[in-house]
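Structural overview
Next come the chains, spelled out residue by residue.
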Amino acid sequence: MTRKKVNEQTNHLYNPTKRLPAVILLVVFLFLAVFAKMFAVMIVEGGELQMKALNQWMRDLPTDAPRGSILDRNGNVLASTATRYNLYVRPSATPDKPAVAKLLCEVFGYEYEKTLEKISKRTSEVTVATQVTKEQLNYIYETGLDGIYYAEDNYRYYPYGDFMTQVLGFCSSDGFGQTGIESYYNKYLTGVNGQIMTETDLIGKEFGNGTYYLPSIAGLDVVTTLDATVQQIVDGAIATAVARFNPKGVACIVMDYNTGGVVALSEYPSFDLNNVPRDDLETLFLHSKSSIVSSVYEPGSTFKILTSAAALDSGAVTVSDRYYCSGSKTVDGQRIRCWKAKGHGSIDFAQGVEGSCNCVFMDCALRMGTNKFYDYLAGFGLTRKTGIDMTGETSGIFIARDAVKTVDLARIGFGQAVAVTPIGLISATSAVMNGGTKVTPHLLSGLKDINGKTVSGVGVTTQGDRVISQATSDTMRTLLESVVTTGSGKGAYVPGYHIAGKTGTAQKYSGGSIASGKYISSFLGFSLTEGANYAVLMIVDEPQGYMYYGSQVAAPLVGDIFASLFDYLAIDPVYTGEEEKIVGQEFTLPDFTGMSLAQARNELAKLGLYCEVDGEGSEVKGQYPFAGVTVDKRNAVMLIT
């Protein structure tokens, strides 16, 4: 190789101008890498790193956000948040520990030596008191002693105690709603917690700018459709039921049948919401859930409201149709008895409704057929949940449409072979009374912020599809009013007011067979008086003694509720002269024992008293109420044969 070629190759390898681009690229790459890391640290991870750094030199104490209140329709507080304070001492920030210990002993009654030892430990902070009142806190801070800090601690308080227990619900120890409205609207009631932050060094000694306060944001207030006064009226009626009949349980709901707004909901047994039985899980579970929305029962004759409305609306029957009740009807070879063993004889449809004749309602169901009847039941909403804004709702239980036998259909017609929830029944029958449109039962009226401003965009659709015609609804209102003025519901009559309704007496089952002597007595009433569009469903589970018919047990209780409601709403009675025929003067009930059943019935008819019969004998062996009791024409008398 020549010298010239060697020199050319050498110059090519060691010429700096040839390597400059590579060096520049390397520098640029390194610069971009450093810039990317700085960008990541300062921008992408900046907030997180700042929080980590802040956590190293800041001590923070949480301040619980006040939970929103639950209010009734008139602004009465049903559930509220009371504020208490938790007290802490930071030993490293407490120069005069003996003085602090002496102060704590003075305020809380502690033992001095133990308190001094506690606040002298080598720890960042120690809790010295909980549930401290505002007055105690102010007294402590007025001393000016250093090293004492506090955090807000909110707890739920129910001003009425054992009141609307199942509907309001309760919260866990950390303030999270567990049942009822507290659970259903927890996301609105819950606020945003705040913090109290203090700059400290590594051992917890305060320095810098001192303490920073990040305020909490209170939860929203839930305004309900409930009325505390109406609830107190209902609670009084339930207390009367417990005293008279010593039942296993009692439940009552009052609802506006035009809008579906629940006005009162009361159940027995229950418990004080300020003293939740958390140490007795069985009692807690049984009494905290609402049987009105979560339990089903066989409704008995109250279901006949829906059967008759569907039959009339579909054209399967007319008011002028006539029937003959011999005391039973044979369907698919099975003899199904009417509640009146001797039968109602020849009656028209209106008399069948008034007398609650099982044979009439069996015929109504059979004339409609399964598909048409089930279409109406679905339209009334009974085959699904109502959608009420409460936790734990279940739906009614029905035999599958394609599995219904003719004998099943006949029994469904008068309220057997079906199970419904009380909320489902009162919701469905409300459509019968309000002109024919389905309503959604609900508790929420609105939401308000801490300043009392209404939050928009939150509400409940109150009315749904039409189920029956206005004409059918008008007819049913007339028919059911006659039940109260001359039929089994006379106990619910209030002079000067228009009330419609239906009694119910259903036998209970145990192990697949009828439980002897166990009944559910009920009455479903509706005020037809302008300004009080309320439905009231009263259910008494297993009343003790011989009185178990809905006419004797539940109807008078609902009458008492309506009388108090009219007084509370300041609705004056309008007398027409019919009151004397329906109520009459008080008199002493005669003794019917020893009489033939026919003779006793004739005597009761002369006195204007409604008669119930227990047994299939022909001679009266006993009676309730007993002879000598003061009654009027609204009383129902049970003859035991």
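Now for a quick tour of the structure. (Residues numbered from 1 in each chain as written. Predicted model: local features only at pLDDT ≥ 70, side-chain atom pairs only at ≥ 80, totals over all residues. Heavy atoms only, no water.)

1. Brief notes about the overall build of the protein
Looking only at helices and strands, the protein features 22 helices and 26 strands. In the protein, buried positions account for 50% of the 641 residues. Partitioning the intrachain contacts of the protein with sequence separation of at least 6 by distance along the chain shows that 72% fall at a separation of at least 24. Here the protein displays about 30,000 Å² of accessible surface, and carbon together with sulfur accounts for 52% of that area. (Helix = DSSP H or I, 4+ residues; strand = E, 2+ residues; numbered from the N terminus. Buried < 20%, exposed > 50% of the residue type's maximum accessible area, 1.4 Å probe, protein only. Contact = heavy atoms within 4.5 Å. Areas by Shrake-Rupley, 256 points an atom, 1.4 Å probe, with all protein chains shown as cover.)

2. A look at the sheet that holds strand β26 (residues 636-640)
Overall, mixed pairing links the three strands, which are arranged β23-β26-β24 in an open sheet. In this open sheet, the two strands that pair with only one neighbour each are β23 (610-614) and β24 (622-624). Between one strand axis and the next, the sheet turns through 25° on average, direction left out of account. Taken together, the five bridges between β23 and β26 define a ladder with parallel strand orientation. Paired with E612 across the strands is M638, a residue of β26. Against the sheet, helix α20 (residues 550-568) engages β23, β24 and β26, with an angle of about 160° to β26. (Pairing = 2+ DSSP bridges. Axes fitted to C-alpha atoms, helices over the stretch in contact; angles between N-to-C directions.)

3. Topic: the packing of helix α10 (residues 228-245) against α20
Viewed as axis vectors pointing N to C, α10 and α20 meet at an angle of 155°, and their least axial separation amounts to 10 Å. Considered as vectors, α10 and α20 are oriented roughly antiparallel to each other. Handedness of the α10/α20 crossing: right-handed. In contact with T229, V230, I233, V234, A237, T240, A241, R244 and F245 of α10, α20 contributes Q552, V553, L557, D560, I561, S564, L565 and Y568. Split into classes, the residues belonging to the contact of α10 with α20 amount to eleven nonpolar, four polar and two charged. (Parallel < 35°, antiparallel > 145°, perpendicular 65-115°, else oblique. Left-handed = near helix turned anticlockwise from the far one by under 90°. Nonpolar A, V, L, I, M, F, W, Y, C, P; charged D, E, K, R; others polar.)

4. A closer look at helix α22 (residues 597-607)
Of all the residues in α22, the buried ones are L597, A600 and L604. One side of α22 carries all its buried residues, which in axial view fall inside an arc of 65°. Among the exposed residues of α22, those oriented more than 90 degrees off its buried face are A605 and K606. Against β23 and β26 lie the buried residues of α22. (Arc of directions from axis to C-beta.)

5. Details of the pairing of strand β21 (residues 534-541)
β21 sits mainly inside the fold: eight of its eight residues count as buried. Pairing of strand β9 (residues 249-256) with β21, which is carried by eight bridges, proceeds in the antiparallel orientation. Paired with G249 across the two strands is D541, which belongs to β21. Here seven bridges tie strand β20 (residues 513-527) to β21, and the two strands are oriented antiparallel to one another.

6. Section: the pattern of salt bridges
Evaluation of the coordinates by the stated rule reveals ten salt bridges. With a shortest N-O distance of 4.0 Å, K114 and E111 are connected by a salt bridge. K114 gets classed as exposed once you look at its relative accessible area, which sits at 57%. Using a relative accessible area of 48% as the deciding quantity, one classes E111 as partly exposed. E182 is paired through a salt bridge with R156; the nearest N and O atoms lie 2.8 Å apart. With a gap of 26 residues between them, E182 in helix α8 (residues 180-184) and R156 in strand β5 (residues 148-157) connect regions that are remote in the sequence. Judged by its relative accessible area of 14%, R156 falls in the buried class. A single network of salt bridges, built from pairs that share partners, joins R67, R156 and E182. (Salt bridge = Lys/Arg side-chain N within 4 Å of Asp/Glu carboxyl O.)

7. Considerations on the sheet that holds strand β19 (residues 499-510)
One open sheet holds the five strands; their spatial order is β10-β9-β21-β20-β19, and the pairing between them is antiparallel. Two strands close off the open sheet at either side, each with one partner strand: β10 (262-268) and β19. Strand-to-strand twist across the sheet, computed as the mean angle between neighbouring axes with direction ignored, equals 10°.

8. What about the environment of C171?
Along the chain, C171 turns up in the loop between α7 (165-168) and α8. Residues contacting C171, with those up to four places away along its chain left out, are R67, R156, Y158, F176, G177, Q178, E182 and R278.

9. Focus on helix α13 (residues 304-314)
Every α-helical turn comprises 3.6 residues, leaving residues that sit three or four positions apart pointing alike. Most of α13 sits out of view: ten of its eleven residues are buried. Phi for G315, located one or two positions after α13, is positive at around 85°.

10. Observations concerning the packing of aromatic side chains
Tallying each qualifying case throughout the model produces 13 aromatic pairs. Both rings, one in Y160 and one in F163, keep their centres 4.5 Å apart while their planes meet at 25°; by these two values the pair is stacked. Given a relative accessible area of 33%, Y160 falls into the partly exposed group. Overall, the relative accessible area of 6% leaves F163 in the buried class. Judged by centre distance (6.0 Å) and plane angle (15°), the ring pair of F562 and F566 falls under stacked. In this pair, F562 and F566 both sit in helix α20, four residues apart, roughly one turn of the helix. (Phe/Tyr/Trp six-rings, centres within 6.5 Å; stacked < 30°, edge-to-face > 60°.)

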